[in-house]
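# Secondary and tertiary structure notes
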Amino acid sequence: QVQLVESGGGLVQAGGSLRLSCAASGRTFSSYAMGWFRQGPGKERESVARISWSGGISYYADSVKGRFTISRDNAKNTVYLQMNSLKPEDTAVYYCAARNAPSTSPRPDEYQYWGQGTQVTVSS
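The present account deals with the structure reproduced in this document. As the structure is a computational prediction, the values presented were derived from the model and not from experiment.

## Quick look at the packing of aromatic side chains
Applying the stated rule across the entire model yields four aromatic pairs. For the ring pair Tyr95 and Trp114, a centre distance of 6.4 Å and an interplane angle of 75° mean the geometry is edge-to-face. In this pair, Tyr95 is assigned in strand S9 (residues 92-99) and Trp114 in strand S10 (residues 113-114), connecting sequence segments 19 residues apart. When its relative accessible area of 15% is taken as the criterion, Tyr95 is described as buried. Considering the side-chain rings of Tyr111 and Trp114, the 6.3 Å spacing of their centres and the 65° angle between planes classify their relative orientation as edge-to-face. By relative accessible area, Tyr111 is classed as buried at 5%. Members of the aromatic cluster, each reached through a chain of ring pairs, are Phe37, Tyr95, Tyr111 and Trp114. We note Arg45 situated over the ring of Tyr95; from NZ or CZ to the ring centre the distance is 4.0 Å. The side chain of Arg45 reaches across the aromatic face of Trp114, ending 4.9 Å from its centre.

Structure follows, in C-alpha cells:
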C-alpha cells in the first residue's frame, strides 16, 4: 500500500500562485511515476502534469504548459506542483496519483494510488 496526501490548495486571485505538495508513504518502488490530475465543476478528471521519478521526465497538459511546473524530492518522497499565473478555469480539485510503472500516463485508470484531493479555487 502507498498512501498519498496532498496539501497546499486554497483560494487565490487570478494571476496568483500556489504550490501543491504530495507526500507519499508506505511501500517504495524502484520505478515510480507520479501525476497530478484535476477535476473541475461539471468536468471529467484530466491529467495536468506527470513526472518520472527515475528519469525526471515531465509532461504537461497544453492548458497549463508554461504556467505549471512539476518537480519532486525523492529523499522526501514528495512531488510538487508549482502553479503560477492561475486562471479561474484552473479551479478544480487537484489529485495526486502514483503509478508503479517506468513511464507516465495521462490515463487515470493507469494509476494505482490516489490522494484525497485538495481544492484550488481561483477568483477573477
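What follows picks up the thread again.
## Points about the environment of Ala98
Along the chain, the position of Ala98 falls in strand S9. The class of Ala98 is buried, set by a relative accessible area of 0%. It is 9.3 Å that separates the C-alpha atoms of Ala98 and Gln3, two residues lying 95 residues apart in sequence. Setting aside residues no more than four positions away along its own chain, Ala98 makes contact with Leu4, Tyr32, Ala33, Met34, Tyr111, Gln112 and Tyr113.

## Description of the state of the cysteines
This structure, assessed with the given rule, holds one disulfide. Residue pairing for Cys22: its cysteine sulfur links by disulfide to Cys96, the two sulfurs lying 1.9 Å apart. Every disulfide takes its handedness from the sign of the S-S torsion; for Cys22 and Cys96 that torsion is -75°, giving left-handed. Of this pair, Cys22 sits in strand S3 (residues 18-26) while Cys96 sits in strand S9, and the two are 74 residues apart along the sequence. Of the two residues, Cys22 and Cys96, neither departs from the other in class, the shared state being buried.

## As for the nonpolar core
Of all hydrophobic cores here, the largest spans 29 residues; its most connected members are Leu4, Met34, Trp36, Leu81 and Tyr94. Going through the elements one at a time, strand S1 (2-7), S3, strand S4 (33-39), strand S5 (46-52), strand S7 (68-73), strand S8 (78-83), S9 and strand S11 (118-123) are the ones with two or more residues in this core.

Parameters and conventions
Residues numbered from 1 in each chain as written. Predicted model: local features only at pLDDT ≥ 70, side-chain atom pairs only at ≥ 80, totals over all residues. Heavy atoms only, no water. Phe/Tyr/Trp six-rings, centres within 6.5 Å; stacked < 30°, edge-to-face > 60°. Helix = DSSP H or I, 4+ residues; strand = E, 2+ residues; numbered from the N terminus. Buried < 20%, exposed > 50% of the residue type's maximum accessible area, 1.4 Å probe, protein only. Lys NZ or Arg CZ within 6 Å of the ring centre and 35° of its normal. Contact = heavy atoms within 4.5 Å. Disulfide = S-S within 2.5 Å. Core = buried A, V, L, I, M, F, W, Y, C linked by side-chain atoms within 4.5 Å.

Coordinates in, geometry out; function isn't part of it.
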